[in-house]
Amino acid sequence: QVQLLESGGGLVQPGGSLRLACTGSGRTLGSYPMGWFRQAPGKDREFVAYISFSGGTTDYVDSVKGRFTISRDNAKNTMSLQMNALTPEDTAVYYCAAETSNYYRNYRNWNHWGQGPQVTVSS
């Protein structure tokens, strides 16, 4: 089994930047595709970004394209989400996820999850 520990959540001003990190223990993260999801109050969990096990393929939901960048460093067993030009609509609990053999945009297809720190974008 793999355990995922997240860091980088907090409060930022609109237009600001924030970086989320996800660190694995147990099995190496390089064995898995990985992704980021978010959930705002009263809403379902939403796909944000995907990265293949080698880092060669990425995908993003339309609302974050050009603003968010997903990356991974398998040698350090870490995966990150760089967020800039943040807006209040980005406010949510953000979850990192690992391992899917099915369509990655559906959160129900992922097997391992981080603890979901809060990201708040507000003046």
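This one's a predicted model, so the numbers in the text were calculated from it and none came from an experiment.

## Structural notes on unusual backbone geometry
We note that asparagine 77 has phi near 60°; this positive angle belongs to a residue other than glycine. Take asparagine 77: its relative accessible area is 14%, and that puts it in the buried class. A positive phi angle is found at glutamate 99, which is not glycine, with a value near 75°. Mapped onto the secondary structure, glutamate 99 falls in the loop between β9 (92-98) and β10 (112-113).

## Some remarks on the pairing of strand β11 (residues 118-121)
Of the two faces of β11, the one holding Val119 and Val121 is buried and the one holding Gln118 and Thr120 is not buried anywhere. Summarising the sheet, strand β2 (residues 10-12) and β11 pair through 3 bridges and their orientation is parallel. Residue pairing across strands places leucine 11 opposite threonine 120, the latter belonging to β11. Here 2 bridges tie β9 to β11, and the two strands are oriented antiparallel to one another. When the sheet's bridge partners are listed, alanine 92 is paired in β11 with valine 119.

## What about the pattern of salt bridges?
Under the criterion given, the structure shown has 5 salt bridges. The shortest N-O distance in the salt bridge between arginine 38 and aspartate 90 comes to 3.0 Å. Pair noted here: arginine 38 is in strand β4 (residues 34-39) and aspartate 90 is in the loop between β8 (78-83) and β9, with a separation of 52 residues, a long-range link. For the pair formed by arginine 38 and aspartate 90, the shared burial category is buried. Taking the shortest distance from any N to any O, the salt bridge between arginine 67 and aspartate 90 comes out at 2.8 Å. Taken as a pair, arginine 67 in the loop between β6 (58-60) and β7 (68-73) and aspartate 90 in the loop between β8 and β9 lie far apart in primary sequence, 23 residues in all. Residues arginine 67 and aspartate 90 agree in their burial class; the two are buried.

## Side note on the state of the cysteines
Enumeration over the complete set of coordinates arrives at 1 disulfide. Linked covalently through their sulfurs, cysteine 22 and cysteine 96 form a disulfide whose S-S length is 2.2 Å. Every disulfide takes its handedness from the sign of the S-S torsion; for cysteine 22 and cysteine 96 that torsion is 50°, giving right-handed. Of this pair, cysteine 22 sits in strand β3 (residues 18-26) while cysteine 96 sits in strand β9, placing them 74 residues apart in sequence. Assessed through its relative accessible area of 0%, cysteine 96 is described here as buried.

Reading the values: rules and limits
- Residues numbered from 1 in each chain as written.
- Predicted model: local features only at pLDDT ≥ 70, side-chain atom pairs only at ≥ 80, totals over all residues.
- Heavy atoms only, no water.
- Buried < 20%, exposed > 50% of the residue type's maximum accessible area, 1.4 Å probe, protein only.
- Helix = DSSP H or I, 4+ residues; strand = E, 2+ residues; numbered from the N terminus.
- Pairing = 2+ DSSP bridges.
- Salt bridge = Lys/Arg side-chain N within 4 Å of Asp/Glu carboxyl O.
- Disulfide = S-S within 2.5 Å.

Keep in mind these values describe shape, not function.
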